Structures are given as structure tokens and as C-alpha cells.
Amino acid sequence: MKNTVILISLMWITQSLSAQNALIKYMSKLPPLPEDFCNTNSAAYSNFSDQVTKVIATIDDEIERIQKQTPTENQALKDISKKTGISTQKLNELINTEDEDEAEKIIQQQVQKQYGVSISEFENVANMSKDEQEKWGKEYAKTEKSKQTVQKGKNNYQSAEEINRLNTEITAYINDWTAMQMDLQKHQRIAKTECDTCIEKVQRSAPEPRYQGEHCVNQHAIDEYIEKNEAICYNNYCNYMTPKTKVYLNKKKADLPKLYELLARKNKLENDIAKSETGIEMNNVVSEDLIALALVKEFAKEMLNVP
């Protein structure tokens, strides 16, 4: 038995607080996408880019601040010790030892606490005759612990079913985004090939250089021709890709709050199951805020990739 895994299972739990508000708060800080990216002057685009970059930096600062408030391992051990009655020294020993006897004690304590029956009694039941097992089961079913266990089992089963449904919905959003990204990449390859071909034609059709000695007397005209006509190539690329990219971003922007609600609900159910099975609830209230911030940060970075 891997004792560290047991301890990690006891430590793993989160609670939902204000992450939805965090998602909305930071999404609202992002500037709207320019109406016409392809004809936006450099100053206006720089202003847009700077605003997005500042939001990303603010999110990074907030993530760092939250992470500093996350309970340390010592704090976690103290909380587990309080809930289980096992000293922090013993818990530390459990992490660092290969002695399975200590882990066995924890299991026995949890079984006794949750079911009101010791492991040895369960083992005795296994050796009973069918009639004896049936009699024991009827007697056990009358106990309060049995009723609590049955109800807990029903609740956990329903939660697990709900988690499966939520996973299906979450996967649907991710699959939609992935399909749109793949479609964008396909169109991007097509547009880039056309842009590269366009640029090659411009360079081939540029005025031939004329020299006086080693000096090219029409270099300015060549540069002007290339700059003017290459701009048309880039503009064609931009006009082709920007509407498709904006459709993807607007779709994702509309989906993010819905996706977060699913993730928050899933986390809540998983936390409820963990608390039900271990009796331990960690005071780790920041994980869902971090999820919200990460979602906004990812979206903000994609905003900077619009052609």
C-alpha cells in the first residue's frame, strides 16, 4: 500500500466561493475586439494589445497572490490531524515510512467511524453461513450507522452520475473549440500559402534595379512598389482570416461562463464525495478562483493572435 497516496486522498478537496465573479470581473477588463483589424492603424492596435497584455499581467499577479494564501503542507497536516485525531507527527511518519501497519490503523479508524463496525467484524461476517449473514445484515440494517451509510451511498452515487453528465457537457465545449481551432489552422495554411505566392509575384514583378556605378538609382521606387503591393497580400490574408478568428473568439467568449459553471458544479460534487468518504474538508478556497483566472488568461492570449 502506498501510504503517501492515502494521505493525498485525504488532503484533496476544494470549495467554491467567488470564482464566477472572478471570471466575469476579468473578462470585463478585456477590451472589445476592433471592428476592423485589417484597417486598424498601428497606434490603435498597440493600444488594444497593451490593454490585453495588462489584463494578463494583472491575472498573473492575482494568481501569485492567491497561491501564497494556499494552505501549506503543515497547515494541511494540522487540519487532517484535527479531523482524524491522528497527530501531525504520526501523519508525517506515514508519509515517510513504508510501514503499512500505520496505514492499516487509519483504515480501521475510518471504517469504524463511517460504518460503526470494525474490519475484524466484517471479516467475521465473511466467514458466516448464509443464514448467519442474513441475520447479521438485518440487525445491522437497523443501526443508525447503517442508515447513514445507505443514504451516503445513495448521495455519492447520484453525485457520481451527475459528474459523468457534467463531464460529457464539458467535453462537448472543449471538442467544439478544438474543432474550430483545427478549422482555423486549415484555413490559416491555405491563406498563408496564398499570401506567400502573392508576395513572390510582387517581388518578381518589382521594377528592375538601375545602377549608376554601384548606386541603384531607382531603389526608392522598388521599395515603394514592394511595400505597397505586399501590403495588399497581407491585407488579403487578414481579411480572409480575421472574420473566422473572431467567430471562434466570440463563440469561446460566450461559452466560458457556461463552461465555468459546469467545472464549478463538478468540483463541488467531487468535494462533497471526498468529504463524505474521508470526513475531512480542507480549507482550500482558492482553486476555483485559479480555474477562472486561467480560463480568462488563456482567452486573453488568444485575443493577441488575431491577424
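These numbers were taken from a predicted model, which means no experiment stands behind them. (Residues numbered from 1 in each chain as written. Predicted model: local features only at pLDDT ≥ 70, side-chain atom pairs only at ≥ 80, totals over all residues. Heavy atoms only, no water.)

Trainee: Before we move on, could you go through the overall build of the chain and cite the residues and values that matter?
Mentor: When helices and strands are tallied, the chain shows eleven helices and two strands. Ordered by position from the N terminus, the helices and strands of the chain form the series α-α-α-α-α-α-α-α-α-β-β-α-α. Every one of the 307 residues in the chain was classed for burial, and the buried ones make up 35%. Long-range pairs, those at least 24 residues apart, make up 79% of the contacts in the chain with a sequence separation of at least 6. Accessible area for the chain stands at about 18900 Å²; split by element, carbon and sulfur atoms hold 51% of it. (Helix = DSSP H or I, 4+ residues; strand = E, 2+ residues; numbered from the N terminus. Buried < 20%, exposed > 50% of the residue type's maximum accessible area, 1.4 Å probe, protein only. Contact = heavy atoms within 4.5 Å. Areas by Shrake-Rupley, 256 points an atom, 1.4 Å probe, with all protein chains shown as cover.)

Trainee: Could you give an account of the packing of aromatic side chains, naming the residues involved and the relevant values?
Mentor: For the structure shown, the criterion picks out three aromatic pairs. Ring centres 5.5 Å apart and planes at 85° place the aromatic pair Phe37 and Phe48 in the edge-to-face group. Of this pair, Phe37 sits in the loop between helix H2 (19–29) and helix H3 (42–69) while Phe48 is found in helix H3, placing the two residues eleven residues apart along the sequence. The exposure class assigned to Phe37 is buried, which follows from its relative accessible area of 7%. You can call Phe48 buried: its relative accessible area is 4%. Considering the side-chain rings of Tyr45 and Phe48, the 6.0 Å spacing of their centres and the 45° angle between planes classify their relative orientation as tilted. (Phe/Tyr/Trp six-rings, centres within 6.5 Å; stacked < 30°, edge-to-face > 60°.)

Trainee: Describe in detail the environment of Asn21, supporting the description with residues and values.
Mentor: Here Asn21 lies in helix H2. Residue classification places Asn21 among the exposed positions, given a relative accessible area of 54%. On a C-alpha basis, the gap between Asn21 and Asp289 in space is 8.8 Å, while along the polypeptide they are 268 residues apart.

Trainee: Talk me through the pattern of salt bridges; I want residue IDs and the actual numbers.
Mentor: As enumerated under the stated definition, the model contains ten salt bridges in all. Linking Asp196 and Lys192 is a salt bridge whose minimum nitrogen-to-oxygen distance equals 3.0 Å. One end of the pair is Asp196 and the other is Lys192, both in helix H9 (residues 144–205) and four residues apart, which spans about a single turn. Under the relative-accessibility criterion, Asp196 is labelled partly exposed at 32%. Owing to a relative accessible area of 49%, Lys192 belongs among the partly exposed residues under this scheme. When salt bridges with common partners are traced through the structure, they connect Glu162, Arg165 and Glu169 into a single cluster. (Salt bridge = Lys/Arg side-chain N within 4 Å of Asp/Glu carboxyl O.)

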